[in-house]
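What follows is the residue order along each chain.
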Amino acid sequence: MPTPEQPSLIVRQKSPPNIEFPFASLSDWLIPTELFFVRNHFPSPDLDARDWRLRVGGAVERPIELDLDSIKAMRSTTSTAVVECAGNGRVYYVPPKEGLQWQNGAVGNAAWTGVLLREILEMAGVKPTAREVLLVGADSGVVDTNKKTASPGPVAFARSLPLEKAIADSTMLAYSMNEEPLTRDHGYPLRAVVGGWFGMAWVKWITHITVVEQPFLGYWQARDYFRWERSLGEPRLVPLAEMEVKAQIARPVQGAQLIAGQPYRIFGAAWSGEAVIRQVQVCTGDGRGWREGRLLETERPFAWRLWEYMWTPEEVGRYILRCRAIDGVGCVQPDLPRSDCESYAANWIVPVEVTVVPEPQTYEEEFVI
């Protein structure tokens, strides 16, 4: 049951299950598996590890087939990485955009254990002509029936990675999450972990890996999960890839009442794509501009950074709290939305309005989502 300290998960869609972590309850660097957000396009497949196989083929010298025990017998690696749904923050688009109306909890940081995808590919022997590595999940269905964007019949969820990302140390096939076997909704028995990339690249329930010699233009690569790119003049479509630099305030929540003269901890998390977080700055709307927040925890590649800023409001009134992140390559979280991202990559600054009052006020217990 939910409590004031731990609100319940937020159901954005019942079937298939799409469930949001209540970001205002953030307290720990790792999000427990039972509170981790769930993003499903189709019903979660019910796979039995005894029958499940991973098949690797395409542009390889030796097509292979592995069971879960064989994969677990390989050299394991553990990595802590943050994954964010590309649609996280979509509710803040004005005017509204199509898609699940995620607020700010379709993101989480977990410890993943598995094997490097590179080592699986080395077993198969990737041919010199290879360009991408296609990951195919066991979940499938028909998308957008009778719409212009309809899929050509049932399709599996499948995404490709450039070969250089597929063989990087940041890309693994995980069978464990937070030191426990993957749950069904989180991809049991095997899923991709693609450090620094949005969640659509983290294919769950993987059954097939195909090395391809041409860019993959499947439904989830060319019809969905893309943005516009204008570097060549006229806009062109490119698949989504890296996460964008971003910081979010967990507390205080929108509409909170603070007491004048009392210190308050502004607290949240920040992350980026391939780069680490270097700074989080906070503006409290009291005329003092941007000030440095304190980064917490140890810096680790591809994990998020928790941060805090202690603020003592002196005057009563309404204040607009803002935060922004700056990463290791100098990318700064933008003030405003960008027009070329379709309904994705909502990483602009989302303000939190609070009211400072002269003394504590008593209210009936309530939950804030």
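As annotated in an unreviewed UniProt entry, the chain carries the name Sulfite oxidase and is attributed to Sinorhizobium mexicanum. In its Cofactor (unreviewed entry) section, UniProt records this for the chain: "Mo-molybdopterin".

Engineer: Honestly, the sheet that holds strand β15 (residues 246-251) in this entry has me stumped. Any pointers?
Structural biologist: By way of backbone hydrogen bonds, the strands of a sheet pair with one another, either parallel or antiparallel. A sheet is described by the order of its strands in space; here 4 strands give the open sequence β15-β17-β21-β20, paired in antiparallel fashion. Each edge of the sheet is formed by a strand with only one pairing partner; in this case those strands are β15 and β20 (294-295). Both β15 and strand β17 (residues 264-271) contribute to a ladder of 5 bridges, which runs antiparallel. Looking at the pairing, Q248 lines up with A269 of β17.

Engineer: So what exactly am I meant to see when it comes to the pattern of salt bridges here?
Structural biologist: It is possible for side chains bearing opposite charge to pair when their charged atoms get close. Under the defined criterion, the tally for this structure stands at 18 salt bridges. Put simply, R55 and E65 hold a salt bridge, and the shortest N to O gap is 3.2 Å. Remark: E65 occurs in strand β4 (residues 64-66) and R55 occurs in strand β3 (residues 54-58); sequence separation between them is 10 residues. Taking relative accessible area as the criterion, R55 reaches 36% and is therefore assigned partly exposed. Judged by its relative accessible area of 47%, E65 falls in the partly exposed class. Residues participating in the shared-partner salt-bridge network are R53, R55 and E65.

Engineer: Teacher, can you tell me more about the sheet that holds strand β16 (residues 257-259) here?
Structural biologist: With mixed pairing, the 5 strands of this open sheet are ordered in space as β16-β23-β22-β18-β19. In this open sheet, the two edge strands, each paired with only one partner strand, are β16 and β19 (291-292). Where strand β22 (residues 317-327) lies against strand β23 (residues 352-357), 5 bridges are found, and the strand directions are antiparallel. Looking at the pairing, Y319 lines up with V354 of β23.

Engineer: Is there a simple way to think about the pairing of β23 in this case?
Structural biologist: As a general feature of sheets, a regular strand has side chains that alternate between the two faces. Of all the 6 residues making up β23, 5 are buried; the element is thus mostly covered by neighbouring parts of the structure. As defined by bridge partners, β16 adjoins β23 across 3 bridges and the pair is classed as parallel. Bridged to I259 within β23 is V357.

Engineer: I keep staring at the domain arrangement of the chain and nothing clicks. Help me out?
Structural biologist: Size of an interface, as often reported, equals the accessible area lost when the parts are brought together. In terms of domain boundaries, the chain breaks down into domain 1 (10-239) and domain 2 (246-357). For domain 1 versus domain 2, the separation of C-alpha centres amounts to 28 Å. Here domain 1 packs against domain 2, burying approximately 2,900 Å² in sum over the two surfaces, 57% of which is carbon and sulfur. Our enumeration of links across domain 1 and domain 2 arrives at 3 salt bridges. Among the salt bridges present, the one from K165 reaches E274, with a minimum N-O distance of 2.8 Å. Applying the counting rule to domain 1 against domain 2 returns 18 residue pairs in polar contact (both at pLDDT 80 or more). Contributing elements (two or more residues each) for the side of domain 1 that touches domain 2: β5 (77-84), β6 (107-116) and β13 (226-229). Sort the elements by how many residues they give to the side of domain 1 that touches domain 2 and β5 lands first, with 4 residues. Its residues placed into classes, the side of domain 1 that touches domain 2 shows 16 nonpolar, 12 polar and 9 charged.

Engineer: So what exactly am I meant to see when it comes to the nonpolar core here?
Structural biologist: Grouped burial of nonpolar side chains is what soluble globular proteins tend to show. Counting 83 residues, the largest nonpolar core has L26, W112, I209 and W304 as its most contacted members. Those residues in contact with W304 that lie beyond four places of it in its chain are F23, L26, D28, W29, I31, V82, V107, G108, N109, A269, A270 and W271. By size, the runner-up hydrophobic cluster in this structure holds 20 residues, among which are A256, Y319, V352 and V356.

Engineer: Quick question: what am I supposed to make of unusual backbone geometry here?
Structural biologist: It is generally the case that most residues other than glycine have a negative phi and that most peptide bonds are trans. Going from S15 to P16, the amide bond is cis rather than trans, its omega being -5 degrees. The linkage connecting Y188 with the following residue, P189, adopts the cis geometry, with an omega of 10 degrees. Even without being glycine, E297 reaches a positive phi, approximately 65 degrees. Structurally, E297 is set in the loop between β20 and β21 (305-311). Located in the positive-phi region is E342, a residue other than glycine, with phi close to 55 degrees. On the secondary structure map, E342 appears in the loop between β22 and β23.

The rules behind each value
Residues numbered from 1 in each chain as written. Predicted model: local features only at pLDDT ≥ 70, side-chain atom pairs only at ≥ 80, totals over all residues. Heavy atoms only, no water. UniProt positions renumbered as here; feature names shortened; annotations may be inferred. Pairing = 2+ DSSP bridges. Helix = DSSP H or I, 4+ residues; strand = E, 2+ residues; numbered from the N terminus. Salt bridge = Lys/Arg side-chain N within 4 Å of Asp/Glu carboxyl O. Buried < 20%, exposed > 50% of the residue type's maximum accessible area, 1.4 Å probe, protein only. Domains from an automatic or database assignment. Buried area = accessible area lost by both parts, 1.4 Å probe. Polar contact = N/O pair within 3.5 Å; in protein donor to acceptor, adjacent residues only side chain to side chain. Nonpolar A, V, L, I, M, F, W, Y, C, P; charged D, E, K, R; others polar. Core = buried A, V, L, I, M, F, W, Y, C linked by side-chain atoms within 4.5 Å. Contact = heavy atoms within 4.5 Å.

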